[in-house]
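Observations on chain architecture
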Amino acid sequence: MTEPVPAARAPRLRPIGRMLAVRVLGTAAILFVLSIVVFSMLHLAPGDLVKTLLGTRPASPEAVAAIREQYHLDDPLPVQYLRWLGGVLSGDLGESIRLQTSVSDAIASRLGLTLALCGLAFAIALAVGIPLGVQSAVRAGGVLDRAGTTLGVIGLSAPTFAVGLLLLYVFAYYLPIFPVYGGGRGPLDTLYHLVLPAVTLAAGLGAIVLKLTRTAMLRELDADYVTSARARGIPESRTRRIALRNAAIPIVTGASLLLTFLVGGTVLAETTYALPGLGTLLQDSVLFKDLAVVQALTLLVALVIAVIALLADLAYLMLDPRVRDQGGTA
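Here the residue numbers are simple positions, counted from 1 along each chain's written sequence. Thresholds applied to this predicted model are a pLDDT of at least 70 for local features of residues and 80 or more for the giving and counting of side-chain atom pairs; totals over whole chains, interfaces and linings are not thresholded and use all residues. Each side-chain value is worked out from all heavy atoms of the structure, with water and hydrogens disregarded.

A short note on the overall build of the protein chain
- The helix and strand labels rest on DSSP assignments: H or I over at least four residues marks a helix, E over at least two residues marks a strand, and numbering proceeds from the N terminus. Helices and strands together make up the secondary structure of the protein chain, namely 14 helices and two strands.
- Contacts were defined at the residue level, with two residues in contact if any of their heavy atoms lie within 4.5 Å. If you take every contact in the protein chain between residues at least 6 apart in sequence, the share linking residues at least 24 apart comes to 73%.
- Accessibility throughout is a Shrake-Rupley quantity obtained with a 1.4 Å probe, and a residue counts as covered only by protein chains that appear here. Carbon together with sulfur atoms contributes 69% to the accessible area of the protein chain, which is approximately 18500 Å² in total.

In structure tokens:
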């Protein structure tokens, strides 16, 4: 009679369940503290929202008072924060003062473009960084390794906006292959407009993936099991595939955490290429002091980073059976 599977797996799942519970509680606490910090900093920033709304138009004191009453600007800061927090907990992110629409609609209208940009940039970084990192490790010290190392240093040191401006000058102005700005219309046109911004973001991310892959492959190729496999006459291509499978653990977990790099880089890339995504929405909202939009985007970014970190830990548990055998405590 076989032992029941659920009873055998229960001790291993408990530490993982505790890890998930701790991460969820920790993320909730971080989001709460971050919301208070952002809310306070925006109110301390110079500038008057009423003057921003009115612009250079003359306004009577009655009109100014009506605007301040409409947006509850005269309420104490804690009261304003609690009103906003109550709305968020009930599913209402508030209204964008600048766009005169709900924050949910403002984010939803731009979310697709930003997701497409991040996904394309991440795919390019993996498609270039992993093969080049593997070949650099296999031919360590050779011409390809030196070329890959040089590209990695350039990609890591070059600022995102500088790469974007260089690509714009070469491939949009000097060689008019790609458009200069805008998000395009339709799926294919949008993809065409996102090529240069995605390459701009992938430059730094791909350099890090290359370094991670090269380091992990060098460590695996120097391991005893690789030497033993070569001594037994196993073909070199198969030996490299075995080494790459074992090197995939730090590569996958590291690359998943590098997705957070895209969060910050997207703002610069979208600004450089005038893309109507979440990055430009965040920038414009900060300049306008559109509190509800800034709060929602800040919490969204923090939540995405926390989820990515959690998925990276779960990927590590799935890829490394030794961690699973230890009950996920690593």
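Examining the packing of helix α6 (residues 143-157) against helix α8 (residues 187-221)
- For helices, the fitted axis covers only the stretch in contact; all axes are lines through C-alpha atoms, and the angles between them, taken along N-to-C directions, range from 0 to 180 degrees. The interhelical angle for the contact between α6 and α8, taken along N-to-C directions, is 135°, at an axis separation of 8 Å. Our classification of the angle between α6 and α8 gives oblique. Of the two possible hands of crossing, α6 and α8 adopt the one that is left-handed. Residue-level inspection shows Asp 145, Gly 148, Thr 149, Gly 152, Gly 155 and Leu 156 of α6 in contact with α8, the latter providing Ala 203, Gly 204, Ala 207, Ile 208, Leu 210, Lys 211 and Arg 214.
- Gly is placed with the polar residues, together with every amino acid not listed as nonpolar (Ala, Val, Leu, Ile, Met, Phe, Trp, Tyr, Cys and Pro) or charged (Asp, Glu, Lys and Arg). Of the residues in the contact of α6 with α8, the class split is five nonpolar, five polar and three charged. We call two directions roughly parallel when the angle between them is under 35 degrees, roughly antiparallel when it is over 145, roughly perpendicular when it lies between 65 and 115, and oblique otherwise. Should the near helix be turned counterclockwise from the far one by less than a right angle, the crossing is left-handed, whereas a clockwise turn marks it as right-handed.

Focus on the confidence of the model for the protein chain
- pLDDT is defined as a per-residue confidence score from the predictor, taking values between 0 and 100. For the protein chain, per-residue confidence averages 79 on the pLDDT scale, and 87% of positions sit at 70 or higher.
- Mean pLDDT across the elements of the protein chain bottoms out in helix α14 (residues 321-325) (57) and peaks in helix α5 (residues 103-138) (88).

Some details on the nonpolar core
- Put simply, buried Ala, Val, Leu, Ile, Met, Phe, Trp, Tyr and Cys residues joined by side-chain atoms within 4.5 Å make one nonpolar core. We call a residue buried when its accessible area falls under 20% of the maximum for its residue type, exposed when it is over 50%, and partly exposed in between, using a 1.4 Å probe and counting protein chains only. Leu 117, Leu 201, Leu 205, Leu 262, Tyr 273 and Leu 275 are the most contacted members of the largest nonpolar core, which has 23 residues in total.
- Secondary structure elements with two or more residues in this core: α5, α7 (160-174), α8 and α11 (259-273).
- If one sorts the elements of this core by residue count, α8 sits on top with seven residues.
- The contacts of Leu 117, once residues within four sequence positions are left out, are Leu 194, Pro 197, Ala 198, Leu 201, Thr 266, Glu 270 and Leu 275.

Concerning the packing of α8 against helix α10 (residues 236-257)
- Running from N to C, α8 and α10 cross one another at 140°; their axes reach a closest spacing of 8 Å. In terms of their interaxial angle, α8 and α10 are classed as oblique. Once α8 is placed against α10, the crossing between them reads as right-handed. Together, Leu 212, Thr 213, Ala 216, Met 217, Arg 219, Glu 220 and Leu 221 of α8 and Arg 240, Ala 243, Leu 244, Asn 246, Ala 247, Pro 250, Ile 251, Gly 254 and Ala 255 of α10 make up the contact between the two elements.
- Here the residues of the contact of α8 with α10 sort into ten nonpolar, three polar and three charged.

Description of the packing of aromatic side chains
- Each aromatic pair joins two rings of Phe, Tyr and Trp (for Trp, the six-membered one) with centres within 6.5 Å, and gets the label stacked for planes under 30 degrees apart, edge-to-face for over 60, and tilted for any other angle. Enumeration according to the criterion identifies six aromatic pairs in this entry.
- Judged by centre distance (5.4 Å) and plane angle (75°), the rings of Phe 39 and Tyr 81 are edge-to-face. In this pair, Phe 39 sits in helix α1 (residues 5-44) while Tyr 81 sits in helix α4 (residues 77-89), placing the two residues 42 residues apart along the sequence.
- For the pair Tyr 81 and Trp 84, a centre-to-centre distance of 5.9 Å together with 35° between the ring planes defines the contact as tilted. With Tyr 81 and Trp 84 both in helix α4 and three residues apart, the pair spans about one turn of that helix.

Observations concerning the side chain of Asp 290
- Within the secondary structure, Asp 290 is located in the loop between α12 (278-288) and α13 (291-319).
- Comment: no salt bridge for buried Asp 290; closest opposite-charge side chain is Arg 98, at 4.6 Å.
- There is a polar contact of 2.5 Å between the side chain of Asp 290 and the side chain of Ser 96.
- We call two N or O atoms a polar contact when they sit within 3.5 Å, provided that within protein one can donate a hydrogen and the other can accept it, with sequence-adjacent residues counted only if both atoms are side-chain atoms. Side-chain polar atoms of Asp 290 contact the backbone nitrogen of Ile 97, separated by 3.2 Å. By the counting scheme adopted, Arg and Lys are positive, Glu and Asp are negative, and His together with the chain ends is not counted. For salt bridges, the criterion is a side-chain nitrogen of Lys or Arg within 4 Å of an Asp or Glu carboxyl oxygen.

Some words on the side chain of Glu 270
- Along the chain, Glu 270 falls in helix α11.
- For the buried Glu 270, no salt bridge is present, and the opposite-charge side chain at shortest range is Arg 110, 6.5 Å distant.
- Side-chain polar atoms of Glu 270 contact the backbone nitrogen of Thr 280, separated by 3.1 Å.
- Leaving out residues up to four positions away in the same chain, Glu 270 has contacts with Thr 114, Leu 117, Leu 275, Gly 277, Leu 278, Gly 279 and Thr 280.

A short note on a nonpolar patch on the surface
- Like charges within 9 Å and nonpolar side chains (Val, Leu, Ile, Met, Phe, Trp, Tyr) within 5 Å are joined into patches, using only residues over 30% in relative accessible area that form no salt bridge. There is a patch of nonpolar side chains on the surface, built from Phe 32, Val 33, Ile 36, Val 37 and Met 41 and spanning about 440 Å² of accessible area.
- The residue Ile 36 is located in helix α1 in this model.
- Under the relative-accessibility criterion, Ile 36 is labelled partly exposed at 34%.

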